[in-house]
Structures are given as structure tokens and as C-alpha cells.
Amino acid sequence: MGSTSSTLAKIPNAEDLMQETGFTPAHLVRLYDRFKVLDKDKKGFLTPQDFVAIKELAMNPICDRIIGAFFTSGGETLDFPSFVRILAHFRPIDKNRPKEPTSPDPINSRSNKLKFAFQLYDQDKDGKISRHELLQVLRAMLEKQVTEEQLESIADRTIQEADLDRDDAISFEEFRKSLEKVNIDHKMSIRFLR
Amino acid sequence: MTVTYIHLLLLLLDPSSALMSTQDPPPSLGNHSMDKNDVDEAEGHFTVPIAFRVFSVDYHHVQAPFEIVLWIMLASLAKLGFHWSGRIPAVVPESCLLIMVGLLVGGVIYGVRHTAPPVLSAEAFFLYLLPPIVLDAGYFLPGRLFFENLGTILWYAVLGTLWNVLGIGLSLYGLCQLGGWGLEEVSLLHFLLFGSLIAAVDPVAVLSVFEEIHVNEQLHILVFGESLLNDAVTVVLYKLFESFLRMPSVSGVDVLAGGCQFVVVGLGGLCVGLFFGLVAALTTRFTARAQVIAPLFVFLYSYLSYLTSEMLHFSGIMAIVTCAVTMKQYVEANVSEKSNTTIKYFLKMWSSVSETLIFIFLGVSTIQDVHMWSWPFVSSTLFLCLLWRALGVLLLTAVVNKLRRNAVTFRDQFIIAYGGLRGAICFSLVFLIEDFPKKRLFITTTIVVILFTVFVQGMTIKPLVELLDVKRKKRVLPTVSEEVHCRLLDHLLSGIEDVVGYWGQHYWKDKFEHFNTKYLKRFLIREDKQPKSSIVRLYQELERREQMGETDEGKRERSPAIEENQTHSRSLLPEEMDSIRRILSTNLRNFNNKHITAYSRHTLHQDFTVDASRKACLRRHQSLGERHSSTQTHGSQWDDAGSQGACLSRSLTVSQSPRSAHRDPHSTREGSLNGPVRVTFEGLASPSSTYLQGQDSSSARMPKKLSFAFENEKGK
């Protein structure tokens, strides 16, 4: 483990990062190594091109949305702390943490995970998933198997099931409610990041 | 004098008796013109002159190959017959039908000759019939899926088989001791030996049945991979128990040595396969001048690896699978298109014939005089096989699900447990046991178990699976929102895993890719075929796939569209809900569908039926490829690997223009559940457009989706 501590020393603000995100030193080092592998030109930050260079990611139907989620507020550079903060969403939920009402939720809480997923739909950041945004995502995922009419039916049905205040859009609360039966911890966690 | 020399010559030429049954007519002479002289000389008292034979039948001369060809012909005609009638293969799996044909033929032979028909010899099976099937399976193995699930597969193969063997052997022994069936004197080792051969799931039988039930790829690879890899365990245990039987006493050290032997056998097979795979890849590097024999090397080296590892008592199946997997990518790069096609067609053909022959012979060999029957033993064996397999699968899955993201569902577990069919490997192994008083009983039981699993389990698995699906659907009906959102999350997780380089899967894969590109490919692939630019290569690949997708689209547009009730109101009819559910469950399930080609014994991948379009698109590649390489020289803002994405989107938008006309008509394809699964590739909107400078025509346009299709299993 000697390499871990030496690499750890190279990461700026490692202690704060670990505190904020909950990653262990070993994880942080592993993510740092990965960051460096992705950053092929050794710029010190990542750009969207570095993400697209990951072949398997490029084949993902929602690849651009995932990349967009990393580069929030339209920036073109992603430094290591921001990289880690985004990935902290995917840590499994700590079940043993005592619930303190005053302290903010950890990044990997269920609600924050759902917020992250919500943001994938809500590209214009108005706090609601409009029918149009839903259609876009459905189109990306279902590609050519269905016709436009069927896509629209599915979108209609999705909104109909979730939309409680009848504004033809899904707010974050409605989104959260529609997923209450789903085990988000299982679905949105990468186990090795525990 | 001359006549005696001729006699000797003729005696030498006289063919010896065939590998199967004996023949009645006396050996006739090969050289007909000698007849007259010979008869005159040998049987001098024959006064009737025999006319010069203008026409005669000399069966014995050609007997051996003639009979072999007849068997193969019978097998192929039977197969042809089944596929002619559309409905029967849907209900009865082909393996069952073939066994029935075999039974029929065996019965006929028995009736005519009143002796047992020829038995499938273990040697013929292991040396000639099994390798083509396993080679075919290995060559078309979906590599990425296999390695992603390798841990689970090994878990099931090694531990599952051990569990089954020990369970069946010990419980049979216990039952026989207690049961009073007259089997008390059979030793524990014999039962363990029996257990080891009967517990093994057979890849041939599994494959043939799974063709019909259309399971998802992950499940398919789990069962199939397990059946391939458990060969190592089976071989070791079988040989171990056999050698224990011969030893006067067994000590703990021997058991430990057996355990080590397992590792040796598995790894040894792997190494032999690797070695031959690499040598084969290297050889194909030099076949540019003699392209016609290039496919031969593939077969020769694979077969050689199998034989070598059998010679060294390693696992031949593992060797041949490893060899095929190793050499595939290099061979495909090195040899010409036609040679590639030849390799694949021949593999399919040989494995098909082999499989058919195996099943027919299973049927024929069942008709024998040597059966010894014992109701309690047979039925308890059957029951225990099922029981232990079910228990094993349940327990192992419970453990392994904690470590997997895509859990193995209950339905999958049922299929794994129920789909553990036994086949010809057990059959051959049981014949190889050294003779002991109850050997016939074991043979009979093995045959019964095989027939039971193939017939009963093979035929009922499909209805049972459908029943399970229906039941499951009735109990828990996820809302459409849940389905949609969950699939989004799956895509998201998949993407994040790729970003993070989830080290269990991608870390080693990346390392291997790095090693591969840097060293192996340089060494093993011909110079002119070295990938010059990964961008061009990727572009060509996408083009090719898109072409295939287009041809597929064109075909589908001509087929009648299935009508759907178009409703514009918000509420949906129940039929529509059902169809929506079906769409979602069929299509969204393939979220990990990165590069999956469906494995099918009977058909080749879509690739090989669209030659014309590929040629056209290859021509276009080359012209565009030249444009690529010329523009790249003054595209200083790109470097090769790093801006692959940007170049890719650039290349995508370039390709849009000639084909924008084809993009629009989308025919209804919903009803066809066996439609191709498509993966969309979306060019990046904002970042890429800034990089497109001085590019012709279509660059500034919003990048449209470029989808390419590849044929997938009929999904349900």
C-alpha cells in the first residue's frame, strides 16, 4: 500500500475530498489513476472529447447526456475534484450513517441519486421533465424499433402515470414518487465504490 | 509365376473389414480382368467358363467410406426433412427428432440382422465427432459477453459440477446401501465415478435445445459457457475416480493430488490452446499468396490443439475453445473475405453434421442386448440429478447475485437448472468404464437419463418458461414509468462504469487491449492490413453495419406492416398497453448490447447474406478513406486516438449527405419481435461542431443519429 499513500500525496485536497465524498483513500487513488488514463494529453483536466474517446461509452444511447452531466453549466473542463464529486453519486448508500436532520445529505443519498438521474432528462434545467424532453430520451433508448406514434403513446402514458398536478410535465417530486418502489441503491450504485 | 505374383498383389489390395459390422460376401477381386484367369487356375474343376464380366458390383471395396457416407446422408436428409415441415421443430426440439430417427434405424437394423446395431464408439465420438462442434462454438463465442460473465460462469462450472458430482454420487451410494436393491456390493468409488459422468452438462444438447427457446444473451452465455468449461472438471473427476478404482487404496494425499490435477488440466488445456491459436494467427499472416488454403490452417491448428491436449490428458475442449477465441481476431484480419466466409461456413457445416450424427447414433446405440434394468436405481438417479442440480443452482446463484449488477433472476435460475441436459459425452464416458458386474446397469441408466433430459426436459422447457413468464407478469406489473426510468438508469450505470473503468471488467480488458495493440497485432497481422488509423477503421465498421441495417430496413419495408389502433386520446387501450409493454421489455432489455452477435447452430450471422451491399460500401469506404487520410495531414487539431470522437462525429456527418434521403421512411416494425436490435450512435452536438473546420458540406448541420443494426436473437 505504499504506492497508495504516495499517490495520495499527489492529489490536492485529498482529505477534504474524502470527507466530502466518502471515498476511501484506495478508491480515491484508483479514481485518480483513471483520471490520468483518461486525460491522455496530460492537460490536468478532462474535456468532452476525452469522454467520447471511451469506446464503450460512445456506443451508449444516452452518451451525450451522461457526458453533459459531468460538464455541468456548459463548461469544457473537468478537474479531478469535480470528477470525483460526480462519481460520488454512485457510491452505495451508507446504511449505518446516523441521520442528522441538520447536516446536508451525503452526495450518494437516495434523493441526490435521483436528482442526478432527473438531470439527465431535464436538459433545460427548468425543474420539470417536459413531454418533449421525455420523448427525446425515449427516442434515444428505443431508436428504430417503434414508430413516432408509439413513442408518443409511451411518453403520454409515462407522464399520465406520474403527473399528479396535471401540468403535463414531471417535476422532481413526481419523478421521485414514481420510482418509490424501485431499489435505487441497487440500480444506481457501483458496488466496488463502496 | 506371374499368376502367383498377381495373386499376392490382389491379396494386398483386398480391403480389410469395415469399422462397423461384418460383411457376408467373400472378398471379390479388385481387378476384374483377372477373373477369368484366376478362376481357371484356382478352381480347376470348374468346367463352365465364366464370361468376362462387363458389369459387376464390388461392395466390399468401398464398404467403409460408403457406409460412413450413408450415415451422414441419412443424418442430413433427416435434418432437411424436419425443417421442411415448419411446425414440428417448434414443438419438438431437433435433437429429439434425430434420436427418434436413430431409434428407428437401430430398430430396423436389429430387426434385419438380429444382432445389435453398431454402437457409437467412444473413440470416434471424442476424436471425430466432438471437436467440430466445440470449435464452432468457440469460434462464434460472443467474446465480450463471455468475459464479462466469466466469473459467474466459472462459479457455476467448477463449483456447480463438483456439487452435483459429490451430491449424486454420495446420495446414490447411500440409497443403494439402504435400499436393498441388490446393489450393496458396488463400491462408493463406482458411484462417484458414475456421478462424475452423469452430472456433466453437455454443450451439444444444451445448444440444440436453447436454439428454440430464445433466451436472452446473458442467460445463454451462462449456460453455454458453463457446459463448455465444466469439461475440465468432469474430465479430471472421471479420470481421478477411475485411477482410484485401480489403486488398492486411496489416501488423502491422492485426493489432494486430484485437486491439483484439476488445476493442471484446466490450465494445461488453456495453454495448449493459446499456443496453437497464436501459431495459427502467425501462419495466416503469410497466406497472402496462397489464399485458398488459408481456411485449412484454422481447422488444422484447432484440431491439432485438441489432439495435443488429449494426448497430454488435458482438457481438449478447453484447448480448442481457447485456440478458436485466440486466433479469431488475427485470422479475420489476415485472410481474405472469401476465406473468412469459407471458414465460417465450413465450421457451421461440420458442426451441424457432427451434431446430427451424434444424436442419431445415440438413438441407434440405445437398441442393444446388453440392457440391465432396475426400476429403483434408474428412477432415483433421475430424481437425484434433477434435485441436486436445482439445489446447486439455487445456492450458487444466491451467492453470486450479491456480486453481480444484473442479478440472475428466478426465471433464469429455473432455465439454468432445468436446461442442464445430458448428452453424448456421458454416454461415451460410461462405455469407457472398465468392466465390472454392474456396468450394464450404469449404461442403461445413463441412456435413460440422457433420453429423459433430452426428450422430456427439452420438450417441456419452452412451455414451462412461457408459463413462468405469464405467471410473473400477472403478479408484478411494473408501471411504464418504472420501466422507462429503470432502463435509463441502466444505461446511465453502464456509461458510468465505462467512465470509471470498473476494474473488474475493464481494467484487465484495457490492459489486454493495450498489450494486444502494441505487441500482438504488430506481430501477428500482415503489414498491409495493420490498422492505420483507428478512426478510419471505426468509420468503416460503422458504415458496414449501417449498410447492413439499411438492407435490412429495405427488406422490412416491403413486408406487411402490422396494424395498430392509432389513438390520439390520452388513455390507452389494453392491447396497446400490452404492446407497449412488449416493446419495452423486448427492446429495453438489451441495454448492455454492446457488440453481441447471436450464436446459432443453424445460421450464420447476418454479415454473410449481404455481400453486394457490402461490396458497394467497401468501395465507398476506400474512396472516403482516401479523403480521410488526405485531410488528416493538414488537420493539425486532431491527434489520432484522442480526438477519435470528434473525428468520428465528423465522419458521421460527412456520411450523412449521400444518404439523407434514406433516413426518413420508417416503417412500422413494432410487431416483428424478431426485428433487429439497433444501437444508436449520436454524434455530439456542440463540442464536435467547433472542431469541424474547413470540412465539406454537411458539417454544420445538427448531427443526426446514425444507427446500425445487427441481427439479434428473437427477443422475448
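Keep in mind that this is a model prediction, so the values were computed, not measured.

Check the secondary structure of chain B and you find 26 helices and two strands. Evaluated residue by residue, chain B yields a buried proportion of 51% over its 716 residues. About 33800 Å² of surface is accessible on chain B, with carbon and sulfur atoms providing 66% of the total.

Counting residues in each nonpolar core, the largest one holds 126 residues, and the members touching the most others are Phe125, Leu130, Leu197, Phe377 and Phe442 of chain B. Apart from residues no more than four positions distant in its own chain, phenylalanine 125 of chain B is found in contact with Leu120, Leu130, Pro131, Ile358, Ala424, Ile425 and Ser428 of chain B. Within the second largest apolar cluster, 70 residues are counted, among which are Ile67, Ile86 and Ile129 of chain A together with Val500 of chain B.

Turning our attention to the packing of aromatic side chains. Residues and elements named next belong to chain A. One pass over the structure, following the stated rule, counts 29 aromatic pairs over all chains. Ring geometry for phenylalanine 51 against phenylalanine 70: centres 4.9 Å apart, planes inclined by 40°, an arrangement best described as tilted. Residue phenylalanine 51 is located in helix H4 (residues 48-52), and its partner phenylalanine 70 is located in helix H6 (residues 63-70); the two are separated by 19 residues in the primary sequence. One exposure class covers both phenylalanine 51 and phenylalanine 70, and it is buried. An aromatic cluster is built from Tyr32, Phe35, Phe51, Phe70, Phe71, Phe80 and Phe83, whose rings are joined through pairwise contacts. Just above the ring of phenylalanine 45 sits the side chain of lysine 43; from NZ or CZ to the centre is 5.8 Å. Sitting above the plane of the phenylalanine 23 ring, arginine 91 keeps its charged end 5.9 Å from the centroid.

This brings us to the side chain of serine 196 of chain B. All names here are of chain B. You can see serine 196 is positioned in helix H9 (residues 188-198). From its side chain, serine 196 meets the backbone oxygen of leucine 193 in a polar contact 2.7 Å long. Sequence-distant contacts of serine 196, defined by excluding residues within four places in its chain, comprise Val165, Thr234, Leu237, Tyr238 and Phe241.

Moving on to the packing of helix H12 (residues 252-284) of chain B against helix H14 (residues 316-334) of chain B. Residue and element names in this part refer to chain B. Taken N-terminus to C-terminus, the directions of H12 and H14 make an angle of 20°; their axes are 7 Å apart at the nearest point. Here H12 lies roughly parallel to H14, going by the angle between them. In terms of crossing hand, the pair formed by H12 and H14 is right-handed. Only Met318, Ala319, Thr322, Cys323, Thr326, Met327, Tyr330, Val331 and Asn334 of H14 make contact with H12, whose side of the interface consists of Gly266, Gly269, Leu270, Val272, Gly273, Leu274, Phe276, Gly277, Leu278, Ala280, Ala281 and Thr284. Classifying every residue of the contact of H12 with H14 by side-chain character gives 13 nonpolar, eight polar and no charged.

The sites that UniProt annotates as "domain: EF-hand" (unreviewed entry) are residues 26-61, 109-144 and 150-185 of chain A. Helix makes up 61% of residues 150-185 of chain A and strand 8%, whereas the separation of the span's terminal C-alpha atoms amounts to 31 Å.

On to the state of the cysteines. All names here are of chain B. The final tally for this structure, using the stated rule, is zero disulfides over all chains. Looking at the unpaired cysteine 385, the closest cysteine sulfur is the one in cysteine 426, lying at 8.7 Å. Looking at cysteine 385, the relative accessible area reads 4%, which means it is buried.

What counts and what doesn't
- Residues numbered from 1 in each chain as written.
- Chains lettered and ligands numbered in written order.
- Predicted model: local features only at pLDDT ≥ 70, side-chain atom pairs only at ≥ 80, totals over all residues.
- Heavy atoms only, no water.
- Helix = DSSP H or I, 4+ residues; strand = E, 2+ residues; numbered from the N terminus.
- Buried < 20%, exposed > 50% of the residue type's maximum accessible area, 1.4 Å probe, protein only.
- Areas by Shrake-Rupley, 256 points an atom, 1.4 Å probe, with all protein chains shown as cover.
- Core = buried A, V, L, I, M, F, W, Y, C linked by side-chain atoms within 4.5 Å.
- Contact = heavy atoms within 4.5 Å.
- Phe/Tyr/Trp six-rings, centres within 6.5 Å; stacked < 30°, edge-to-face > 60°.
- Lys NZ or Arg CZ within 6 Å of the ring centre and 35° of its normal.
- Polar contact = N/O pair within 3.5 Å; in protein donor to acceptor, adjacent residues only side chain to side chain.
- Axes fitted to C-alpha atoms, helices over the stretch in contact; angles between N-to-C directions.
- Parallel < 35°, antiparallel > 145°, perpendicular 65-115°, else oblique.
- Left-handed = near helix turned anticlockwise from the far one by under 90°.
- Nonpolar A, V, L, I, M, F, W, Y, C, P; charged D, E, K, R; others polar.
- UniProt positions renumbered as here; feature names shortened; annotations may be inferred.
- Disulfide = S-S within 2.5 Å.

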